[in-house]
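Here is how the chains run, residue by residue.
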Amino acid sequence: MKIILLGPPGAGKGTHAQKLVNDFNVPQISTGDILRKAIREETEVGKQAKTYIDQGQLVPDFVVIEIVRQRLNEGDCQNGYILDGFPRTIVQAEKLKEFAEIDAVINLVLSDEAIINRLSGRRVCSTCGGTYHVSLLNGKEHCEKCGEKLIQREDDKEETIKKRLNVYNVQTAPLIEHYKKINILHDVDCSGTIEQNHKAVLEALKK
Ligand code: AP5
């Protein structure tokens, strides 16, 4: 199963990718996680990416395309994968076609108001990437999976969230029409609970 999770920042791509990994036993390929790891490790790619991510802008296509091309060549991707955060531009989608055949695109749909609420309340584990929301943490400050301290992402400040939404509308939203035209896109309303939305994603994939 080769799936793309599409949707605005905060719609739940990472949350549902982690669930689909368990359902289908295929890896989650999150370009955001790969870039944040590169930043932590201060690699050349990390140094280039940091400026863009901190400003809520997209990292240049050629950088991200190469990362994904190499990652999809690895052994664990041969039976499928969940692409979380890629492609994000028409150029990326066109390039992806050259090295991958996608089965389904799930378009996670959520209002701007809900997005701002979800992102400003998001807490992440800086070690394993586990993702939580303050409203569901009951005051806990450590990751359930690895015990490390949870933090707020730098780009989850309200001003940067608004910039990311704008970038999404201009550069990423055109992918919806792009994938509709080839009949592999399924819209999923993500305003419910995580479990309700997960069920809706699985239903959409059955189609
Ligand atoms: P990336 O990390 O991909 O950020 P994003 O697309 O903005 O998406 P997010 O991770 O913010 O949100 P999400 O949809 O995964 O939502 P989540 O599941 O966490 O990319 C970061 C940056 O890297 C980009 O801005 C760009 O600079 C760069 N980049 C990455 N890929 C790139 C590419 N292809 N090209 C160029 N640049 C690229 O959920 C959000 C919150 O809501 C969480 O707290 C979660 O617990 C909570 N939540 C989820 N569902 C529910 C629910 N149903 N009810 C209540 N809370 C919920």
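Here is a short report on the structure shown in this document.

What counts, and where the lines are drawn
Residues numbered from 1 in each chain as written. Predicted model: local features only at pLDDT ≥ 70, side-chain atom pairs only at ≥ 80, totals over all residues. Heavy atoms only, no water. Helix = DSSP H or I, 4+ residues; strand = E, 2+ residues; numbered from the N terminus. Rg over C-alpha atoms; globule rule 2.2 N^0.38 Å. Contact = heavy atoms within 4.5 Å. Buried < 20%, exposed > 50% of the residue type's maximum accessible area, 1.4 Å probe, protein only. Near = heavy atom within 4 Å. Polar contact = N/O pair within 3.5 Å; in protein donor to acceptor, adjacent residues only side chain to side chain. Areas by Shrake-Rupley, 256 points an atom, 1.4 Å probe, with all protein chains shown as cover. Nonpolar A, V, L, I, M, F, W, Y, C, P; charged D, E, K, R; others polar. Axes fitted to C-alpha atoms, helices over the stretch in contact; angles between N-to-C directions. Salt bridge = Lys/Arg side-chain N within 4 Å of Asp/Glu carboxyl O. Core = buried A, V, L, I, M, F, W, Y, C linked by side-chain atoms within 4.5 Å. Parallel < 35°, antiparallel > 145°, perpendicular 65-115°, else oblique. Left-handed = near helix turned anticlockwise from the far one by under 90°.

## Remarks on the overall build of the chain
Item 1. For the chain, the count of helices and strands is 10 helices and eight strands.
Item 2. Scaling as 2.2 N^0.38, a compact globule of 207 residues should have a C-alpha radius of gyration of about 17 Å, and the chain matches this with 16 Å.
Item 3. Overall, the C-alpha framework of the chain stretches about 45 × 40 × 35 Å when taken along its three principal axes.
Item 4. For the chain, the proportion of contacts with a sequence separation of at least 24, taken over those separated by at least 6, is 68%.

## What to know about unusual backbone geometry
Item 1. Backbone torsion omega between Phe 86 and Pro 87 reads 0 degrees, so that peptide bond is classified as cis.
Item 2. Of note, Asn 138 is a non-glycine position whose phi angle comes to about 50 degrees, a positive value.
Item 3. Here Asn 138 lies in the loop between α7 (134-137) and β7 (150-151).
Item 4. Residue Asn 138 is classed as exposed on the basis of its relative accessible area, which comes to 69%.
Item 5. Unusually for a residue other than glycine, Asn 183 sits at a positive phi of about 60 degrees.

## Considering the site of the ligand
Item 1. For the ligand, the set of nearby residues contains 34 residues, the closest of which are Thr 15, Gln 57, Arg 88, Arg 122 and Arg 164.
Item 2. Contact distances for the ligand include 2.8 Å between a nitrogen atom and a backbone N or O atom of Gly 192.
Item 3. Contact with the protein chains hides 95% of the accessible area of the ligand, taken as 1000 Å² for the molecule alone.
Item 4. Listing elements by their share of the shell around the ligand, those giving two or more residues are α1 (13-24), α2 (31-40), α6 (112-120), β6 (131-133) and α10 (194-206).
Item 5. Considering every element that reaches the shell around the ligand, the biggest residue donor is α2, with four residues.
Item 6. Counted by class, the shell around the ligand contains 12 nonpolar, 14 polar and eight charged residues.

## Considering the packing of helix α5 (residues 90-99) against helix α9 (residues 174-181)
When two helices pack together, their arrangement is given by the angle between their axes and by how far apart the axes lie.
Item 1. Taken N-terminus to C-terminus, the directions of α5 and α9 make an angle of 35 degrees; their axes are 9 Å apart at the nearest point. Within the contact between the two elements, α5 uses Ile 90, Ala 93, Glu 94 and Leu 96 and α9 uses Pro 174, Leu 175, His 178 and Tyr 179.
Item 2. Split into classes, the residues belonging to the contact of α5 with α9 amount to six nonpolar, one polar and one charged.

## Describing the pattern of salt bridges
Item 1. Using the criterion set out here, one finds 20 salt bridges in the structure.
Item 2. The residue Glu 44 makes a salt bridge to Lys 47 at a minimum N-O spacing of 3.6 Å. Residue Glu 44 and its partner Lys 47 are located together in helix α3 (residues 44-54), separated by three residues, close to a single helical turn.
Item 3. The closest approach of N and O atoms between Arg 71 and Asp 76, which form a salt bridge, is 2.8 Å.
Item 4. One salt-bridge network, held together by shared partners, links Arg 122, Arg 153, Asp 155, Asp 156 and Arg 164.

## With respect to the nonpolar core
Item 1. By size, the foremost hydrophobic cluster in this structure holds 28 residues, and its most contacted members are Leu 72, Tyr 81, Leu 83, Leu 96, Ile 102, Val 105 and Tyr 179.
Item 2. At the level of secondary structure, the elements contributing two or more residues to this core comprise β1 (2-6), α3, α4 (61-72), β3 (81-84), α5 and α9.
Item 3. In contact with Leu 72, other than residues within four places in its own chain, are Ile 29, Cys 77, Gln 78, Tyr 81, Leu 83, Leu 96, Phe 99 and Ala 100.
Item 4. Core analysis: the second largest hydrophobic core is formed by 21 residues, Ile 3, Leu 20, Ile 161 and Val 201 among them.

## Focus on the environment of Val 109
Item 1. You can see Val 109 is positioned in strand β4 (residues 104-109).
Item 2. Residue classification places Val 109 among the partly exposed positions, given a relative accessible area of 38%.
Item 3. Measuring from C-alpha to C-alpha, the distance between Val 109 and Glu 177 comes to 14 Å, with 68 residues separating the pair along the chain.
Item 4. Excluding anything up to four places from it in sequence, Val 109 contacts Asp 187, Val 188, Asp 189, Cys 190 and Ser 191.

## With respect to the packing of α2 against α3
Item 1. Relative to each other, α2 and α3 sit at 115 degrees, their axes nearing to 8 Å. Here α2 is positioned roughly perpendicular relative to α3, judged by the angle of their axes. Between α2 and α3 the crossing geometry is left-handed. Across the interface between the two elements, Leu 35, Ala 38 and Ile 39 from α2 touch Val 45, Gly 46, Ala 49, Lys 50 and Ile 53 from α3.
Item 2. Counted by class, the contact of α2 with α3 contains six nonpolar, one polar and one charged residues.

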